[in-house]
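Chain residues, written in single-letter form:
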Amino acid sequence: MTGTVASGAPTLAALTDDVGLLYGADWNPEQWHPDVWREDVALMRAAGVNVVTVGVFAWATIEPRPGRFELDWLDRVVDLAHDSGILVDLATPTASPPPWLGVLWPSSRAVTADGVRMSHGSRNHFCPSSPHYRERALAVARVLAERYGEHPGVRMWHVGNEYGQVCWCEHCAEGFRTWLRARHGSLDELNRAWGTAFWSQRYDEWREVIPPRAAPYLVNPTQVLDHRRFASDQLLALYLEQRDVIREHAPGVPVTTNLMGFHHPTDYRRWAPHLDVVADDVYGDPADPHDVVRVALTHDLARGLAGGAPWVVMEQAAGAVNWRPHNVPKTSAQLRLDSLRAIARGADGSCFFQWRASTAGAERYHSALVPHAGPDTALHRAVVEHGAELARLREVVGTRVPARVALVFDWPSWWAAEEPASPSQRLRVLPQVLAYYRPLWEAGVGVDVVGPDADLDAYDLVVAPQLHLVEDVHVAGLRRVVERGGVLLLGPFSAVVDRDAHVRTGRFPVPFADLVGASGEEWVPLADPVDLRSDLLGDVRVHDWAERLRVEGGEAVATVVGGDLDGCAAVVRHRHAGGGQGWYVGALLPPDALAGVVRACLDAADVTGPAGVRAAADVEVVRRGHVTFCLNAADRPRTVHLTGADGVWHDLLTGADVAGDVPLAPHGVLALIERTP
Ligand code: GLA
Ligand code: ZN
């Protein structure tokens, strides 16, 4: 099954068994004098930092000229960390090749869809298919693996950084053709899959097939979809070839790379089985009070990718980032809140970009655990305090977040749903996923974000917000949810296309119409709002999207009143004899109405939030193992009402017993276990 780390492979426990929850940062000593390294390590120890990622952008320091490796400094750094009891997550520096590589081999630099070749001077300018880049990247990875593979201080390997570049050069065109041959077998099959009878695109020879480069008008959507699949696989191949070299020299040491949540170019569902540890980079916006819900969703994705096993936040900001137009810093309370949210949602590590703020380079205005002003700062004091409280959470290490709700998300479906020439650009996948997730977040129920190929049998409610592309092989698994008595909720524009993004013919949602008891014939992006009548949801106004749906066996939960769609169902439910329910939402519902639908589905599936804890909707309540976390997303005080058998709980963060109405400071957190009398 995808999303599960292969059995027998090293896991995060190889580190957390020794040190508990991981707490650390990217450490870039190559930017500093060795005197600073010693101060760094002393400060790390004082802050409870127990892991550092080293060398992630140090290629030019490690290999200043092709084939000339200078590693004495890295020996000292790794020894220093190790002697201080700080675990090293050693990075291969291959995200940013030194200038010499692109100068010696210009074709190692990536080319945009418009044919512009990238220059050095930033980072990530390499072409993923370039034989020169790959050879040199593997060479430096091999040198590091040989030298440090058996170093007792190197406890994890970190390949590259935030893989995401896409290139349209000739090397990549060749790689694309190779990938297409493997996928489609023959040109005939490729012509069928891409539907090349349209606009005279039929390919007669393989060399005619190219990546979707700049073109006068709309490009073939299946060509684009396959190219996205290829580009993700191509990056994964880079990861894998380094992973294999490291594995040879460091068997038993986990290997990972840092992911980026819902990152468009990379289908992490195909990556996850190859990562010993799922590691994610997370940058919530402290200026946006609603962004915490998106961040929680992203954490549930990371946990889903890990197959429910513990994962780590590899990078987050301690204060401000420098890449938004206006970089509001996190407060100390938000630093702690964000870190604990990840722990609550299954992370066994909370790490940051970066340890010490750079004084030069493009990220010198990005926050760090040690600011330019030094350790005598509010931020650094918060870092030290947080290190101490993470140590008090050791008992959550290795525990799981129970979930009876699955939210189905799929990269190829996302790609296909958002091609430029679709019925409406107002229907977007991530906003839809978030809209369906928000009421689940508010209800405090555990949610696993999983792929359509996941084993859904463990879930009582399965929500697929805009699962536009559904492969034939995944239909049965989704249907089974209802057939075995569960609840399936499908959002608008779902199950429209097959694996090649060809529209399924018949009344939609074609593979599920009988299950939801309704079928449709037309998507209707709205010129003017339409009103719905609903006993369950009250009066609802829909602004952007409805569908021409008729009820066939199910019941209309909401119906359009007036206009051309008068009488058409907008939300339908079909109750089946075995207790299962199929729901279909054929409209872009406003948040309150959608929350009503989701809550009704939770009721139907008999899913409730953690027992014994009640709080306002903006207090995030998450159960992990035997610990109930209450995280106040509001910048105002809130109260948590504790009930339960004896109503006496223990807060692991403060060590205090609490009962009844417990005040929660703005952005405050409780980590509660029930006291057994
Ligand atoms: C990511 C990258 C880091 C750095 C930060 C800035 O985490 O991996 O190298 O650029 O973003 O926020
Ligand atoms: Zn290329």
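All values derive from a computational prediction rather than experimental measurement.

**A few points about the packing of aromatic side chains**
Here a ring pair, both rings aromatic, is described through the centre-centre distance and the interplanar angle of the planes. This model, assessed by the stated rule, comprises 21 aromatic pairs. With a centroid separation of 5.6 Å and 85° between ring planes, the pair formed by Tyr283 and Trp323 is classed as edge-to-face. On the criterion of sequence distance, the pair formed by Tyr283 in the loop between β7 (279-281) and α11 (291-305) and Trp323 in the loop between β8 (311-315) and α12 (332-344) is long-range, its members being 40 residues apart. On the basis of relative accessibility, which here comes to 16%, the residue Tyr283 falls in the buried class. Here Trp323 falls in the partly exposed class, since its relative accessible area comes to 46%. Here the aromatic residues Tyr163, Tyr239, Phe262, Tyr268, Trp271, Phe409, Trp411 and Trp414 are joined through ring pairs into a cluster of three or more.

**Quick look at the confidence of the model for the chain**
Put simply, the chain has an average pLDDT of 97, and 99% of its residues get 70 or more. Below a pLDDT of 50 lies the segment residues 1-5, which in the model reaches 17 contacts outside its immediate sequence neighbourhood of four places, other chains included.

**Some remarks on the sheet that holds strand β3 (residues 87-92)**
Each strand in a sheet pairs with another by means of backbone hydrogen bonds, the pair being arranged parallel or else antiparallel. If you trace the nine strands from one edge of the open sheet to the other, you get β5-β4-β3-β2-β1-β9-β8-β7-β6, paired in parallel fashion. For this open sheet the edge positions go to β5 (255-256) and β6 (258-259), each flanked by a neighbour on one side alone. With two bridges joining them, β8 and strand β9 (residues 347-352) adopt parallel strand pairing. From the neighbouring strand, Trp311 faces β9, where its bridge partner is Ala347. Those strands touched by helix α2 (residues 34-47) are β1 (22-27) and β2 (51-54), and its axis lies near 160° from that of β1.

**Quick notes on the pairing of β2**
Consecutive residues of a regular strand have side chains that alternate between opposite faces of the sheet. Going residue by residue along β2, you find Val51 and Thr53 tucked away on one face and Val52 and Val54 tucked away on the opposite face as well. Taken together, the four bridges between β1 and β2 define a ladder with parallel strand orientation. If you follow Gly24 over to β2, its bridge partner there is Val51. The β-α-β motif built from β1, the intervening α2 and the parallel element β2 has right-handed crossover chirality. In the sheet, β2 pairs with β3 via four bridges, with the strands oriented parallel. Its bridge partner being in β3, Val54 is matched across the sheet by Leu90.

**Brief notes about the environment of Leu440**
Assignment of secondary structure puts Leu440 in helix α15 (residues 429-443). Using a relative accessible area of 0% as the deciding quantity, one classes Leu440 as buried. Along the chain, Leu440 and Val598 lie 158 residues apart, while their C-alpha atoms are 7.4 Å from each other. Here Leu440 is in contact with Val405, Leu407, Val445, Val447, Leu461, Val598 and Leu602, once residues within four sequence places are set aside.

**A few points about the site of ligand 1**
Lining the immediate surroundings of ligand 1 are Phe57, Arg123, Asn161, Glu162, Asn258, Asp281, Tyr283, Glu315, Trp323, Phe353, Glu363 and His366. Side-chain polar atom of Asn161 to an oxygen atom of ligand 1: 2.8 Å apart, as the coordinates give it. Here an oxygen atom of ligand 1 and a side-chain polar atom of His366 are 2.7 Å apart. Protein chains bury 97% of the 300 Å² of accessible surface belonging to ligand 1 in isolation. The residue makeup of the shell around ligand 1, split by class, is four nonpolar, three polar and five charged.

**Quick word on the sheet that holds strand β23 (residues 627-632)**
The strand order across the open sheet built from five strands is β22-β23-β28-β25-β26, with neighbouring strands paired in antiparallel fashion. In the strand order of this sheet, the two ends are held by β22 (619-624) and β26 (657-659), each with one partner. Sheet twist, expressed as the average angle between the axes of neighbouring strands with direction ignored, equals 35°.

Conventions adopted
- Residues numbered from 1 in each chain as written.
- Chains lettered and ligands numbered in written order.
- Predicted model: local features only at pLDDT ≥ 70, side-chain atom pairs only at ≥ 80, totals over all residues.
- Heavy atoms only, no water.
- Phe/Tyr/Trp six-rings, centres within 6.5 Å; stacked < 30°, edge-to-face > 60°.
- Helix = DSSP H or I, 4+ residues; strand = E, 2+ residues; numbered from the N terminus.
- Buried < 20%, exposed > 50% of the residue type's maximum accessible area, 1.4 Å probe, protein only.
- pLDDT = per-residue confidence, 0-100.
- Contact = heavy atoms within 4.5 Å.
- Pairing = 2+ DSSP bridges.
- Axes fitted to C-alpha atoms, helices over the stretch in contact; angles between N-to-C directions.
- Right-handed = clockwise from strand over helix to strand, strands pointing away.
- Near = heavy atom within 4 Å.
- Polar contact = N/O pair within 3.5 Å; in protein donor to acceptor, adjacent residues only side chain to side chain.
- Areas by Shrake-Rupley, 256 points an atom, 1.4 Å probe, with all protein chains shown as cover.
- Nonpolar A, V, L, I, M, F, W, Y, C, P; charged D, E, K, R; others polar.

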